[in-house]
Structures are given as structure tokens and as C-alpha cells.
Amino acid sequence: MVDDDLQARIRRLEDRAELGELIAVYGRLLDDRDVDGVAALYTEDAVFDSTEGPMTGRAAVMEYYRGQLDRYGMTYHYPHSHTIEFTGPDDATGVVSAHAELAILPTPFVVALRYLDVYRREQGRWRFVSRRALQLYAAPLAELPDVLAGTLRRRWPGTEPAPADIPESLPTWQAYSRS
Amino acid sequence: MVDDDLQARIRRLEDRAELGELIAVYGRLLDDRDVDGVAALYTEDAVFDSTEGPMTGRAAVMEYYRGQLDRYGMTYHYPHSHTIEFTGPDDATGVVSAHAELAILPTPFVVALRYLDVYRREQGRWRFVSRRALQLYAAPLAELPDVLAGTLRRRWPGTEPAPADIPESLPTWQAYSRS
Amino acid sequence: MVDDDLQARIRRLEDRAELGELIAVYGRLLDDRDVDGVAALYTEDAVFDSTEGPMTGRAAVMEYYRGQLDRYGMTYHYPHSHTIEFTGPDDATGVVSAHAELAILPTPFVVALRYLDVYRREQGRWRFVSRRALQLYAAPLAELPDVLAGTLRRRWPGTEPAPADIPESLPTWQAYSRS
């Protein structure tokens, strides 16, 4: 029946709008220190995988966030672009480009990110099943001009300069470099 | 009837697209000094509330913009994320995260913003009923690394350093800090 | 028939989503050095018009990209806002605001951009028929605070400082300056 098809297409467009808002709200709630709000964006079995490796389960993810946020002053997480692929009626994956400005006290940092996301609709709402945050760079804002042209672009406090997650590790980058 | 429901859902999706373009066009017209174009984005009774307090009525809003723009060289206003809530058939609210780069002659400034918006469809087109611009920071670009880790992040020319509008003032931030 | 109209409106919303992804994917593929992926985003007869004038035909466009990318380290292209106007069932134009961070070895540059785009649906997929990249500025990241307040905001390596493409050249800017 035609209506069923139209209905399904409208649903997908609504899903895209909801997933766009999920991404927008994630940064805002984090920046506002609304940790209960952030927790509700994740499924119970969610995984967050960033600088310290994968944290599994909503409780562990939230503990990770609290550990980070406790050392931070102002933060500003903002997404740039978002692509979405549906893998089932209530399942999708996405890629988000973003920056985060983080006052890791006493030093302001800036991070360029690509999130690899998995989403699931649960209790009528799209949530993160997993977020993997790949870093193009993470550096003190004041040192950015010195850091960007090299490959050791991860400069977290108290660590040795380390290679960025992307793009140099990607097969397409490596194939291009060899050509 | 089914079609009425589908029709309404499609309308909402179209409304979202239009509201997204309203936000995009706002920055572009302002940066291009198309002040008539900017004026048409506001309703007659609109309010713009930024650094100098609320300006009420489209004419007052435009006078405020002209007063600011007259002191500026190049500006670049760009939005990041946008969430929308419909409050009636022709009414909505929204939250926009953004940055603005402003050459407040002779000094380039950068401002991190969260707009709290009210929209109304008037004469067939979505417009701003009000925009409230909350600042996470406003500082000379060259001083940003020194400003971001503190709380006095409003550094407008000719004023004393002042606290940023957000996030420290938010109930969620304050509850988190106490915990 | 009502369904035809609804169908067409849904199609337009889907087109908007696809065009949004085209813009997102463009930056990502370029940053990943997936040059075959980038090539597939363009029509055979496409034009790319940036710092070195218009390149005509997909092959010439790709040769231009390769010439640029060969001198670059990490790049990060990210879009901010996107407006779309449909000019036919399979034709549209768009305006995109964006930044690009480019490690033009050995110096990191930052570019503020407005893309004027033409899109066409070909073989069932939206592609670029032309992209014209207008620069608000292009400067070494370290020099940005000194560059933004002037008009000579194009500072490409090995060239004399030159006027930016926009906004000073725009009729609206010039009319405002005279008023």
C-alpha cells in the first residue's frame, strides 16, 4: 500500500531530525554539566571509547565523564557535520565531525574530533549505543600553530606527544601517500 | 484521516528545514551587511537581547545592529547545532550553538554563543520573535588562550573583564559543582 | 491526486538530507585522501573554482586537488551552515559556510569559506556540478589575530597579501559602507 511506504519514508526523515538533535543535545548537556541528562542519551549497555579506551555500560561511561569534568572549567563541544546510515528499523550508525574547547585547568585545550556512532531507538527515543571519538588533534590552544603541521598531534596534559588517531592511520591516507 | 496526519508530519519536517535556513541566512546577511535582509527575518514586535540588554521592536533591533556594525570590519557568524521545539502550528522555540568572529576595529574578537530563540510563522514565513544571545566567552582572538580557563570571559573593548553568561550561571552547573 | 503531492514533498525532504550528506562527505573524503571518493561526488563536466581559477571537468578538478594535497599534511574541512534552492526536479543550488584547517607544510593555515554550489542528480545520486569557493580569509593560524582586522586577508604561501573575495566585494556591503 502506498501509504505504508510514505509513512516509512516520513518516519526516516523524522528519525534523521531526532538523531541530529541527539548530537546537538549531547554537547550542550555535557557543557552544562547536566550529567543525568547525558546519561539518558545512552543505552544501558552503551560504550564510550575515547582517550582512555572503551568504557562499557552507562554507569562506567558516566563515571568516566565525571572524572574528566571534575578537572575542567568551561567546555564547549560543537558538532559540524553528521551522516547517518540506517541498519534496521530502530538501528543506525553515524559519523560526526566536531571540535571541543576544554579548559583542562589551568590550560585551555582544543580538540578536533570525528565520532563514530552507533544508535538504537529504545523506549521510543534514539540513544547512543556507542561513541568512538577519533582525534585529529588535541593540543593547548596556544600551541596549536606549532602542533598542526606534525603527526604527534595528541598533546594531553601529563603525557608525551603522541600520534593522532586520524587521518594518517586510514587505509585511504596510506594508499594516497604511497602513490 | 490518514492523509491529514501525514500532511502534518511532512509540514513539520518542512518547518524544520525552513528554520534551519533562517539560522543560516541570519549570519550570512549580517556578514554581508544586508540590513534590509536581516530586518525581514524578524517580526515587527521582535526582541533581540545581547550585550546591551533587550532591544524591542524591529526598528530598535536594526538600530542596534547598525550601531554595532558601524564599528566592525569583517564579521563571520556561523551556527553549529540547532534544536527546535514546536509550541503551536505557527510557533516554535530553538537553541542554537554558534561562534562569531568580529573585527571590532582594530581588534579581531571571537565570541562563543548560545542563542535562545522564539520563532513565529508570519505571512507564510518563519521569523524571529526573539533572540537572546548568551555568551560562553567574548575575547580578543589573540588573548583567547589566556581567557578561556577563567570565569571572567567577557572582554568587550572598553569594559572591565566580566563573568560569562553561561555555563557557570546554570542550575545544572551549580548543582554539579556542589556535588 | 493528493498522494502525488505528498510524494513530491517527501522527495524534496529526502533530497535535502542527501545534499546535506554530500557536503559532509566532501570534507571527510578530502581529509582522508580518498580521492576516488571525492571524484565520485562530482559530475563528469564539473567545475571547481578556488584560488587558482576554474578547473573544468572531473579529471582537471582531481588533478588540481592532487596538486594541492601533495603539499599538505593534515587537513580538516568542516561545514557550518547550508541553504538549498531547487531549480528543477534534479537540479539545485546551495550556499555553504565552512572553515578549512590546512597544514600547508610546514605552516598550518586556516581558511574561512563560502561555497557557491550547483548540484545535479545523476545516476540516482546528487553530485556537484560546480563549487566556487569564496574566501573570507586564508592565513597562517599563528597570524590570524593580525590579519582579520584588515582587508588583505588572503595570505597564501609565496604570494603577496591580497584582498579577500568577500564580503567587501558584495553589493550589499558596498551599499552599507556608502550609507
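Taking an unreviewed UniProt entry as the reference, chain A is identified by name as SnoaL-like domain-containing protein belonging to Pseudonocardia sulfidoxydans NBRC 16205.

Student: Can you lay out the UniProt feature "domain: SnoaL-like" (unreviewed entry) in chain A for me, pointing to particular residues and giving the numbers?
Tutor: Taking the numbering used here, the UniProt-annotated feature "domain: SnoaL-like" (unreviewed entry) corresponds to residues 11-132 of chain A. Annotated as residues 11-132 of chain A, this span is 31% helix and 56% strand, and its ends, taken at the C-alpha atoms, are 27 Å apart.

Student: Pulling in residues and values, what's your account of the pattern of salt bridges?
Tutor: Per the counting criterion, the structure on display carries 45 salt bridges over all chains. Linking R9 of chain A and E14 of chain C is a salt bridge whose minimum nitrogen-to-oxygen distance equals 2.8 Å. With R9 of chain A in helix α1 (residues 2-31) and E14 of chain C in helix α1 (residues 2-31), this residue pair bridges two chains. Across the pair, E14 of chain C and R9 of chain A agree in class, each one buried. With a closest N to O distance of 2.6 Å, R121 of chain C and D90 of chain C form a salt bridge. Note that R121 of chain C is positioned in strand β5 (residues 107-122) and D90 of chain C in the loop between β3 (72-88) and β4 (91-104), a separation of 31 residues in sequence. Connected through salt bridges with shared partners, the residues R11, R12, D15, D90 and R121 of chain A form a single ionic network.

Student: Give me the lowdown on the pairing of strand β3 (residues 72-88) of chain B, citing residues and values where you can.
Tutor: With 14 of its 17 residues buried, β3 of chain B lies for the most part within the structure. Counting the residues in the hairpin turn of β3 of chain B and strand β4 (residues 91-104) of chain B gives two residues.

Student: Can you explain the sheet that holds strand β2 (residues 53-56) of chain A? Please cite residues and give values.
Tutor: Strand pairing in a sheet is mediated by backbone hydrogen bonds. Such pairs are either parallel or antiparallel. Residues and elements named next belong to chain A. Read across the sheet, six strands follow the order β2-β1-β6-β5-β4-β3 without closing on themselves; strand pairing throughout is mixed. Looking at strand neighbours, the two that pair on one side only are β2 and β3 (72-88), the edges of this open sheet. Neighbouring strand axes in the sheet, compared pairwise and without regard to direction, differ in orientation by 15° on average. Across 14 bridges, the pairing between strand β5 (residues 107-122) and strand β6 (residues 125-140) is antiparallel. When the sheet's bridge partners are listed, F109 is paired in β6 with P140. Relative to strand β1 (residues 42-50), helix α3 (residues 58-69) is tilted by about 45°, and along the sheet it contacts β1, β2 and β3.

Student: I'd like a rundown of the packing of aromatic side chains, residues and numbers included.
Tutor: Residues and elements named next belong to chain C. Summed over the entire model, instances satisfying the criterion amount to 36 aromatic pairs over all chains. Ring geometry for Y42 versus F128: centroids 5.4 Å apart, planes at 40°, classification tilted. Here Y42 is found in strand β1 (residues 42-50), whereas its partner F128 is found in strand β6 (residues 125-140), with 86 residues between them in sequence. Each member of the pair, Y42 as well as F128, is classed as buried.

Student: Can you explain the interface of chain A and chain C? Please cite residues and give values.
Tutor: How large an interface is tends to be reported as the accessible area lost when its parts come together. Listed as interface residues are 32 residues of chain A and, on the opposing side, 34 residues of chain C. For the pair chain A and chain C, the summed buried area comes to about 2,800 Å², and 64% of that belongs to carbon and sulfur atoms. At the junction of chain A and chain C, the tally comes to three salt bridges. Connecting chain A to chain C are 14 residue pairs in polar contact (both at pLDDT 80 or more). Breaking the side of chain A that touches chain C down by element, the ones donating at least two residues are α1, β3, β4 (91-104), β5, β6, α4 (144-147) and α5 (171-178) of chain A. With eight residues, α1 of chain A is the largest single contributor of residues to the side of chain A that touches chain C. For the side of chain A that touches chain C, the per-class residue count stands at 19 nonpolar, seven polar and six charged.

The rules behind these values
Residues numbered from 1 in each chain as written. Chains lettered and ligands numbered in written order. Predicted model: local features only at pLDDT ≥ 70, side-chain atom pairs only at ≥ 80, totals over all residues. Heavy atoms only, no water. UniProt positions renumbered as here; feature names shortened; annotations may be inferred. Helix = DSSP H or I, 4+ residues; strand = E, 2+ residues; numbered from the N terminus. Salt bridge = Lys/Arg side-chain N within 4 Å of Asp/Glu carboxyl O. Buried < 20%, exposed > 50% of the residue type's maximum accessible area, 1.4 Å probe, protein only. Pairing = 2+ DSSP bridges. Axes fitted to C-alpha atoms, helices over the stretch in contact; angles between N-to-C directions. Contact = heavy atoms within 4.5 Å. Phe/Tyr/Trp six-rings, centres within 6.5 Å; stacked < 30°, edge-to-face > 60°. Buried area = accessible area lost by both parts, 1.4 Å probe. Polar contact = N/O pair within 3.5 Å; in protein donor to acceptor, adjacent residues only side chain to side chain. Nonpolar A, V, L, I, M, F, W, Y, C, P; charged D, E, K, R; others polar.

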